[in-house]
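# Structural characterization, general
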Amino acid sequence: MSLRAAPRRRGAAPGRQAASGVYSVRFPRLWRPTWAEVDLGALRRNLRRLRSHAKVPLLFVVKADGYGHGAVSVSRAALEVPGVQGLGVSSVEEGAVLREAGVRAPILILGSLYPFESTLAAVHYGLTPTVASLDGARRIQLAARGLRGSDRRRLPLACHLKLDTGMGRIGVRWPAGREVVEYLLKAQGVRLEGLYTHLARAEDSVEFTRRQLGLFKRAVRESEAMGARLKWRHAANSAGALQHPESRWDLVRPGLAAYGLREGFEPVLSLKTRVVFLKNVPKGTPIGYGGRFKTRRPSRIATVPFGYGDGVPRVLSTGRRPASLIVRGRRCPLAGPLSMDMAMIDVTDVQGVSVGDEAVLIGASGGLEQTAGDLARLADTIPYEVVTGLTARVARVYRP
């Protein structure tokens, strides 16, 4: 797999209307009229609001290709906002993509590194690794010892120690973490730059969050008493930063709110397509695979070119209440199960619908709006899954 980001090219917008935008595909224009619009202005406004609220720097999380929005483009836009100190990724690969695209800001790998070669790769790309165990501490010291020639300019290698205070995912528990801190403080060529944890229930449990923060506070206090000079102490995700002021410390790590996937923030991503086929059918006509869906009246059915191959959850069309698309200011329900590449919608009640009309699955149109959160509720999942599930074949169009 190439680590190079897709080239940035300009071209015509999908369908009939011309528009400016930077595209995430390797073609000078788009032909299939299905695309995700990413509003970089909304992203910046969300980040400014978060920075103003938190009153500490932000580490903007761009895991999973920027939550499906396109990591390179959203990273560049975010770093224009005063107070965005750096970026968070889940792996060396994600950080390497940003580096090869020319992003020079600090990048923290939020995941655990294994095997040893991944630590060497992190050092090569100038990424800051997370240490989550004593073995991880030993690996970063070995990487520091192995640097030769000009690579030694990277010394000392900065790292952040991850504490497990209740998430149960990765991280060392306290007080066992004292041994890791002691090791890192003695390790030549290594600098313990940060200490952090992750809040598991910031949105729904004050008691659980306070317990986590209490454990974290103890670990910070004891680490500093041992001689750790911590530049960054961080615990807050979006919910923590907004609902638990005591979680903000020196840095917050927004994701959900920055992308407008939390109520009260501007949605950044819209998912749009166009009608490519229309047909009139009598009552009782089966639509889609399996023939289980049948029209309940004489109907006008439109076909749009997206499906589960684009990452749209199939359950949106097979649940008790199918999702709708917005066409000409009307909500038009999906008719029959999604195919891999196409979906059918009932446009019987839409006056004058024609091939080429825009259909919106996520976003606002004609005075109506449907969010990723709305779709998540229909699919019994979370907004994260809706947007990160969008596949690479859905072109991202970036609005400044």
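Everything below is about the structure shown above.
The rules behind these values
- Residues numbered from 1 in each chain as written.
- Predicted model: local features only at pLDDT ≥ 70, side-chain atom pairs only at ≥ 80, totals over all residues.
- Heavy atoms only, no water.
- Pairing = 2+ DSSP bridges.
- Helix = DSSP H or I, 4+ residues; strand = E, 2+ residues; numbered from the N terminus.
- Axes fitted to C-alpha atoms, helices over the stretch in contact; angles between N-to-C directions.
- Phe/Tyr/Trp six-rings, centres within 6.5 Å; stacked < 30°, edge-to-face > 60°.
- Buried < 20%, exposed > 50% of the residue type's maximum accessible area, 1.4 Å probe, protein only.
- Core = buried A, V, L, I, M, F, W, Y, C linked by side-chain atoms within 4.5 Å.
- Parallel < 35°, antiparallel > 145°, perpendicular 65-115°, else oblique.
- Contact = heavy atoms within 4.5 Å.
- Nonpolar A, V, L, I, M, F, W, Y, C, P; charged D, E, K, R; others polar.
- Polar contact = N/O pair within 3.5 Å; in protein donor to acceptor, adjacent residues only side chain to side chain.
- Left-handed = near helix turned anticlockwise from the far one by under 90°.

### Looking at the sheet that holds strand 13 (residues 277-281)
Taken in spatial order, the 3 strands line up as 13-14-17 in an open sheet, and their pairing is antiparallel. Each edge of the open sheet carries a strand with a single partner, namely strand 13 and strand 17 (343-346). Between one strand axis and the next, the sheet turns through 30° on average, direction left out of account.

### Description of the environment of Leu-230
When you line up the elements, Leu-230 lands in the loop between helix 8 (206-225) and strand 10 (232-236). Placed 20 residues apart in sequence, Leu-230 and Asp-250 show a C-alpha to C-alpha distance of 9.8 Å.

### Here's the deal with the packing of aromatic side chains
Under the counting rule described, the total for this entry stands at 4 aromatic pairs. Arranged with centres 4.5 Å apart and planes meeting at 20°, the rings of Tyr-67 and Tyr-259 form a pair that is stacked. One end of the pair, Tyr-67, is in helix 2 (residues 63-67); the other, Tyr-259, is in the loop between strand 11 (251-252) and strand 12 (269-274), with 192 residues separating them in the sequence. For Tyr-259, a relative accessible area of 0% translates into the label buried. Ring centres 5.3 Å apart and planes at 80° place the aromatic pair Phe-216 and Trp-249 in the edge-to-face group. Of this pair, Phe-216 sits in helix 8 while Trp-249 sits in the loop between helix 9 (238-243) and strand 11; the two residues are 33 residues apart in sequence, bridging distant segments of the chain.

### Observations regarding helix 3 (residues 71-78)
Burial within helix 3 is extensive, with 7 of its 8 residues counted as buried. Inspection of helix 3 places Ala-71, Val-72, Ser-73, Val-74, Ser-75, Ala-77 and Ala-78 among the buried residues, and these make up the whole buried set.

### Let's talk about the nonpolar core
Grouped together as the largest cluster of nonpolar side chains are 83 residues, with contacts concentrated most on Leu-43, Leu-47, Phe-60, Val-62 and Leu-98. Here this core takes 6 residues from helix 1 (residues 40-54), the largest share from any one element. Counting residues in hydrophobic clusters, the runner-up holds 31 residues, among them Cys-159, Leu-161, Phe-216 and Ala-219.

### A short note on unusual backbone geometry
A cis amide bond links Tyr-114 with the next residue in sequence, Pro-115, at an omega value of -5°. Inspection of the secondary structure assignment puts Pro-115 in the loop between strand 6 (107-112) and helix 5 (116-124). Each neighbour pair has its own omega, and for Trp-174 with Pro-175 the value is 20°, a cis peptide bond. Counting through the fold element by element, Pro-175 comes out in the loop between strand 8 (157-163) and helix 7 (177-186). Although it is not a glycine, Asp-65 adopts a positive phi angle of roughly 55°. On the secondary structure map, Asp-65 appears in helix 2.

### Re the packing of helix 6 (residues 134-145) against helix 7
Helix 7 packs onto helix 6 with a crossing angle of 10° between their chain directions and a minimal axis gap of 9 Å. Put simply, helix 6 runs roughly parallel to helix 7. Together, Leu-134, Ala-137, Arg-138, Ile-140 and Gln-141 of helix 6 and Glu-179, Val-180, Tyr-183 and Leu-184 of helix 7 make up the contact between the two elements. Considered class by class, the residues forming the contact of helix 6 with helix 7 number 6 nonpolar, 1 polar and 2 charged.

### Quick notes on the side chain of Gln-212
Considering the arrangement of structural elements, one finds Gln-212 in helix 8. Within polar-contact distance, the side chain of Gln-212 engages the backbone oxygen of His-198 at 2.8 Å. Contacts of Gln-212, omitting those with residues within four sequence positions, involve Thr-165, Gly-166, Met-167, His-198, Leu-199, Ala-200 and Arg-201.

### Some remarks on the packing of helix 1 against helix 3
Between helix 1 and helix 3, the least distance of the axes is 9 Å, while the angle of their chain directions is 50°. Between helix 1 and helix 3, the interaxial angle falls into the category oblique. When the axes of helix 1 and helix 3 are compared, the crossing they make is right-handed. Taking contact as the criterion, the partners of Leu-40, Leu-43, Arg-44 and Leu-47 in helix 1 are, on helix 3, Ser-73, Val-74, Ala-77 and Ala-78. When its residues are assigned to classes, the contact of helix 1 with helix 3 shows 6 nonpolar, 1 polar and 1 charged.

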